[in-house]
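Now for the letters of each chain:
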Amino acid sequence: MPSYELNVNHRAVTVDSWDPDQPLLYVLRNSLSLHGTKFGCGLGQCGACTVLVDGKPTFSCLLPVQRAAGRSITTIEGLGTPDQPTAVQAAFIAEQAAQCGYCTSGMVVRATALLEANPHPTAEQAKEGLAPNLCRCGTHTRIVNAVMRAAASPASKA
Amino acid sequence: MTRRLSRRNFLISGGALVVSFRLPSAFAQGPGFTAPAYDLDSFLAIRPDGSVTLSTSHVDCGTGILTAYRQIAAEELGIPVERFSMVEGDTAATPNHGGTGGSTGVPRGGADIRHAAATARQALLQLAATRLNCDTAELTIDKGEVRPAAGGKGVTVASLIGGRQFNLKVDSKVALKSPSTYTVVGKPILRSDVPAKSTGRHVYVQDHAVPGMLHGRVLRPPTIGAKLLSVDESSIKAIPGVRVVRIESFLGVVAPDEWAAIRAARELKAAWSDAAAAAPFATADLASAMGSAPGTEEQTILDQGDTTAALATASKKVEAAYYWPFQSHASLSPCCAIADVKDSGTTIWSSTQDTYGLRGLVAKQLGTPPAKVRVVYLDGSGSYGSNGAYDAAADAVLLSRAVGKPVRLQWMRHDEHGWDPKGPAQLLQVAGGLDKDGNLIAFESKVTGAPGPAWVETLLGPGSAGVLSDPPRAGGPPTTQNLETPYALPNMRVSSRALAATPIRISNLRAPGKIGNTFASEGLIDELAFAAGMDPVAFRRRGLKDPRALAVIDRAAAMIGWQRRPAHSAQESKEASGALKGQGFAYIRYKQAETYVAMAMNVAVDRATGKIAVRHIACAHDCGLIINPDGLRNQVEGNILQTLSRTLHEEVTFAENRVTSTDWASYPILRFPEAPVVEVALIDHTEVSAWGAGEAASAPVAAALANAVFDATGVRLRTAPFTAARLKAAFA
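Owing to the predicted nature of the structure, the values given are computational and were not obtained by experimental measurement. (Residues numbered from 1 in each chain as written. Chains lettered and ligands numbered in written order. Predicted model: local features only at pLDDT ≥ 70, side-chain atom pairs only at ≥ 80, totals over all residues.)

### Considering the overall build of chain A
Rules: Secondary structure counts use DSSP, requiring at least four H or I residues in a row for a helix and at least two E residues in a row for a strand, with both numbered from the N terminus. For the radius of gyration, the atoms used are the C-alpha atoms, and the globule rule reads 2.2 Å times the number of residues raised to 0.38. Exposure criterion: with C-beta atoms placed from backbone coordinates, a residue whose C-beta has 20 or more other C-beta atoms within 10 Å is buried, one with 12 or fewer is exposed, and one in between is partly exposed.
Tallying secondary structure elements over chain A gives six helices and five strands in all. For chain A, the sequential pattern of α-helices and β-strands runs β-β-α-β-β-α-β-α-α-α-α. Taken over the C-alpha trace, chain A has a radius of gyration of 15 Å; the compact-globule value for 158 residues is 15 Å, and the two agree within 12%. A principal-axis box enclosing the C-alpha atoms of chain A has dimensions of 45 × 30 × 25 Å. The buried share of chain A, reckoned over its 158 residues, is 59%.

Structure below.
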């Protein structure tokens, strides 16, 4: 079975995939047991599967593993932990910016990239930046507030 | 949603005409209305270390209800809230306190927990009185210790009962703590699940794994009711490890590798019959066809005065037909379940809102006693009612039984959007009359819709496999809750008519029926205010005496900066872009008898593009006693934004016998750039018990928005969703 060398959360890993076109999402979840990245649509329409690939927010449900090879991938698990959350994650917790939370991993990852590119966005810019990601519970207000809170925090470099 | 004793099933059960439109007072009163004969130990266990485990069949679903339960129990028991943990929805570990739904989590489930905790408190006081040789009246419980209120040495609750059982029944008449002394209830305690959810560590049913588990996918027919004729397994021979499962017209695949299962389901060639006998239908026909489609006789639910005569003699009469479309739960994750079917017993992990209900269905599917089926709840993505969770569990059971191994079954996006049972369409025909002074003298409303949910007998997989052969039950008439007008008047008639058939399966979707009903009833009130030449808020205020109703109305109007004027100021006010500005208002008392909600909106409408920009939504909300203000606020905000999405965008579309809105492009929902400023005022009434908040603020959203668009443009929107295409057509 072909194998691929990836860098996931600052760690070099080798994964096997019978299909070079297997999306990265399933490799993360099933080969590497990184369950924080979620399947939502498999179509690049909802953002639940968002990860950073070489720092850029990317739909992992659309990225074939062969094209992820050799690249640097950051998943939600590669950011903070419940005990040591990043500034963005701490802001999500402080704002209680979740209901079911199924979209939250993708939101946090996209928000992290957004603040990396624009550390002090306006609320409108934050909304535009989050546009690829869907929330069904209607927590949009809280998520935007969390992004603005993270931007204002002293440790805003996520 | 709730299938035991939920209000809406209570109302439709028996299939008879339900005259009691206003709820029995016991239901409306909150705590005390259940008659708990439950074993206290089934709810609550105090551990030797002083921690407390609460058990309930109610489940969180991301609503934060478990945090509210911990607060309620901590308050009554005098034990710090951090020491409480929850066990939810495991038929092997939690007693059956009913399913979750209908906004009953706090008024029903919370009341049960409050009584259980209060019963435990009394028991602890008695145990301590014996130990300390004093009277229970002298004792108090604080920080997990029972001690004399006047001071002195106490004993910990752990030393009194830790690790042992109470062996008591929950006392429905037990003395309850006075809300005026509350220190935990009413506080914005943070939810314990948010740190794990924000760091990707929360375990959803989608993340659960059991040893030896295979991954499964299903293949649904191309049209509803089509039969499977043949399967060409050679079409997937290049995909490793796949096994095809065919049971009559049920078709699925399993494989050790999830991606293999996905590709096999995508590439497996199968031949299906043409659609079964069902008549072709299309979305475009539906609104006009519903009025004359065959169904039951119209049932009068409420009849006061002589509405027909009053409408005939009214100085001004307004008649209108409103339409609310079929909508999907559109859960962010397609449903998922893991089933392990063994001769010795079956275990299912599911995000169902009703583990006991699912257990019964699966037992029937397998032909085994319910005791041989265990259903364990794990969070999924939000479900907002009975989404595809039951069907996914039944699919997993079929696959696991066929291959003799545990199977994790997840639907794909097109399965979820295409096949989840839908919130039903409603046709709402309304009329109102004014006297010569502009007073409201008559109101008539009629809902026509699919018969009430009877979807449980029509689970997809078992139906295709020929396992469940019971014919679907006849459902009750569509709900008329919030289809009456709350404003004082002499003549009102409210009626309901069930269609003989529904083109697609239906189930409860958040605030079932109430959004469409309020869209029509509060839309018509706005139309009547305009006919009367009156300010819509003033028109509403005039018909209300209840101070709690007036309080929410005044608060919402103040928050938005309501500009008092006769309804409709079309085209007088513009944004810099030229978009037309408008304000809209709606008020409801949920289910006529519960939470009070008033909602005001500011919008801007671009006539050229037909696009509505909602700028600001103000909501004043009074559900009585507030358990957790931040959890409540989160629910209210979610109600508003989700229903704004449903109102602006959402409609299940059909072509012949299939759903064509099968992804987020064909069934779009609200995206961030459209999210308005949402401002919520919570009005706390500690002296009255808590009603639910999981649905109420959904109900007035569509009406308030339509009324605001009318104010901006003079165009009355009576068909949802308010898409840009629909508005452009209306402006043309």
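### Some details on the overall build of chain B
In plain terms, the rule: Each residue gets a C-beta atom placed from its backbone, and two residues are in contact if those atoms lie within 7 Å.
Scanning chain B for helices and strands turns up 20 helices and 26 strands. Over its C-alpha trace chain B gives a radius of gyration of 27 Å, about what one expects of a compact globule, namely 27 Å for 732 residues. Taken along its principal axes, the extent of the C-alpha atoms in chain B is 80 × 75 × 50 Å. Looking at chain B residue by residue over its 732 residues, the buried ones come to 58%. Across chain B, every contact between residues at least 6 apart in sequence was considered, and the portion connecting residues at least 24 apart equals 79%.

### Points about the domain arrangement of chain A
All names here are of chain A. To keep it simple, the criterion reads: Start and end positions for the domains come from either an automated domain assignment or a database one. Classes in brief: Ala, Val, Leu, Ile, Met, Phe, Trp, Tyr, Cys and Pro nonpolar; Asp, Glu, Lys and Arg charged; the others, Gly included, polar.
Annotation of chain A at the domain level lists domain 1 (3-78) and domain 2 (87-152). Computed over C-alpha atoms only, the centres of domain 1 and domain 2 are separated by 21 Å. Taken together, the contact between domain 1 and domain 2 spans 14 residues of the former and 11 residues of the latter. Secondary structure elements with two or more residues in the side of domain 1 that touches domain 2: β3 (50-53) and β4 (56-59). Per-class residue counts for the side of domain 1 that touches domain 2 are seven nonpolar, five polar and two charged.

### Here's the deal with the domain arrangement of chain B
Where the parts come together, the accessible area they lose is often given as the size of the interface. Residue and element names in this part refer to chain B. The domains assigned to chain B are domain 1 (31-193), domain 2 (205-275 + 329-419) and domain 3 (534-731). Put simply, the middle of domain 1 and the middle of domain 2, counted by C-alpha atoms, are 38 Å apart. Class assignment of the residues belonging to the side of domain 1 that touches domain 2 gives a composition of three nonpolar, eight polar and three charged.

### Some remarks on helix α5 (residues 123-130) of chain A
Residue and element names in this part refer to chain A. Here is the rule we go by: The arc refers to the directions leading from the helix axis to the C-beta atoms.
Three or more residues of α5 are buried, namely A126, G129 and L130. Buried residues of α5, viewed axially, fall in a sector of 90°; they line one side. On the buried face of α5, the contacting elements are α4 (104-117) and α6 (140-152).

### Topic: the interface of chain A and chain B
Each partner contributes to the interface: chain A provides 48 residues, whereas chain B provides 47 residues. Of all the elements in the fold, those that place two or more residues in the side of chain A that touches chain B are α1 (24-31), α3 (87-94), α4, α5 and α6 of chain A. Split by residue class, the side of chain A that touches chain B holds 21 nonpolar, 20 polar and seven charged.

### Re the sheet that holds strand β26 (residues 677-682) of chain B
Strand pairing in a sheet takes place through backbone hydrogen bonds and is either antiparallel or parallel in direction. All names here are of chain B. Our working rule: Strand pairing requires that DSSP identify at least two bridges connecting the strands. Note on geometry: axes are lines fitted to C-alpha atoms, helical ones only across the stretch in contact, with angles between N-to-C directions running from 0 to 180 degrees.
A sheet is described by the order of its strands in space; here four strands give the open sequence β21-β22-β23-β26, paired in mixed fashion. In this open sheet, the two edge strands, each paired with only one partner strand, are β21 (580-589) and β26. Across the sheet, the mean angle from the axis of one strand to that of its neighbour is 15°, orientation sign disregarded. Pairing between β21 and strand β22 (residues 596-606): 10 bridges, direction antiparallel. Bridged to R589 within β22 is Y596. Across the sheet, helix α18 (residues 629-648) touches β23 (611-622) and β26, and the angle it forms with β26 is around 135°.

### Notes on the confidence of the model for chain B
Residues and elements named next belong to chain B. Threshold: Summary of the metric used: pLDDT quantifies the predictor's per-residue confidence within the range 0 to 100.
Scored by pLDDT, chain B has a mean of 90; 91% of the residues are at 70 or more. Within the model, the stretch residues 1-36 combines pLDDT values under 50 with 72 contacts to residues more than four positions away or in other chains. For this predicted complex, the interface score ipTM comes out at 0.98, alongside a pTM of 0.94.

### What to know about the packing of helix α11 (residues 355-366) of chain B against helix α12 (residues 389-403) of chain B
Residue and element names in this part refer to chain B. Rules: In this scheme the handedness of a crossing depends on how the near helix is turned from the far one: anticlockwise by less than a right angle means left-handed, clockwise means right-handed.
The contact between α11 and α12 brings their axes to 11 Å, and the two run at 35°. Handedness of the crossing formed by α11 with α12: right-handed. For the pair α11 and α12, the contacting residues are L358, L361, V362, Q365 and L366 in the first and Y390, A393, A394 and V397 in the second. Looking at the contact of α11 with α12 residue by residue, the classes come out as eight nonpolar, one polar and no charged.

### Remarks on the sheet that holds strand β10 (residues 250-255) of chain B
All names here are of chain B. Pairing is mixed across the open sheet formed by seven strands, whose spatial order is β9-β10-β7-β17-β14-β15-β16. For this open sheet the edge positions go to β9 (243-247) and β16 (373-377), each flanked by a neighbour on one side alone. Neighbour-to-neighbour, the strand axes of the sheet open up by a mean angle of 25°, direction not taken into account. Direction of pairing for β9 relative to β10: antiparallel, over a ladder of five bridges.

### Concerning helix α5 (residues 105-132) of chain B
All names here are of chain B. What counts, and what does not: In this analysis, the expected span of each helix is defined as 1.5 Å times one less than the number of residues it contains.
Taking 1.5 Å of rise per residue, the 28 residues of α5 would be expected to cover 40 Å, and the 38 Å separating its terminal C-alpha atoms lies within 8% of that figure. Across the 28 residues that make up α5, a large majority, 20, are buried. Within two residues after α5, N133 carries a phi angle of roughly 55°, on the positive side.

### Overview of the packing of helix α15 (residues 514-532) of chain B against helix α19 (residues 701-713) of chain B
Residue and element names in this part refer to chain B. Packing of α15 against α19 brings their axes to within 7 Å, and their N-to-C directions diverge by 35°. Here α15 and α19 pass one another in a crossing that is right-handed. Contact residues: α15 offers I515, T518, F519, E522, G523 and D526, while α19 offers V701, A702, A703, A706, N707 and F710. Its residues assigned to classes, the contact of α15 with α19 comprises seven nonpolar, three polar and two charged.

### Observations regarding the pairing of β16 of chain B
Residue and element names in this part refer to chain B. Here is the rule: Looking down the strands as they point away from the viewer, one classifies a crossover as right-handed if the path from the first strand across the helix to the second runs clockwise.
Of all the five residues making up β16, four are buried; the element is thus mostly covered by neighbouring parts of the structure. With five bridges joining them, strand β15 (residues 345-350) and β16 adopt parallel strand pairing. Looking at the pairing, S350 lines up with Y377 of β16. Note on the crossover from β15 through α11 to β16: the handedness is right-handed.

### A short note on the environment of T58 of chain A
Residue and element names in this part refer to chain A. By the secondary structure assignment, T58 is in strand β4. Assessed through the 22 C-beta atoms surrounding it within 10 Å, T58 is described here as buried. Each C-alpha atom of the pair T58 and G106 lies 9.7 Å from the other, and the pair is 48 residues apart in sequence. Once residues within four sequence positions are removed from consideration, T58 is found in contact with T50, V51, L52, V53 and L63.

### Observations concerning the environment of R564 of chain B
Residues and elements named next belong to chain B. In this structure, R564 sits in the loop between α17 (547-560) and β21. R564 sits 240 residues away from W324 along the chain, and the two C-alpha atoms are 29 Å apart. When residues no more than four places from it in sequence are discounted, the contact partners of R564 are D535, V537 and A538.

### What to know about unusual backbone geometry
With an omega of 0°, the peptide bond between A720 of chain B and P721 of chain B qualifies as cis. By secondary structure assignment, the location of P721 of chain B is in the loop between α19 and α20 (724-731).

### Here's the deal with the environment of K514 of chain B
All names here are of chain B. Position of K514 relative to the elements: it lies in helix α15. Residue K514 is classed as buried on the basis of its 25 C-beta neighbours within 10 Å. Residues K514 and R408, spaced 106 residues apart in sequence, show a C-alpha to C-alpha distance of 36 Å. The residues contacting K514, other than those within four sequence positions of it, are Q481, N482 and A699.

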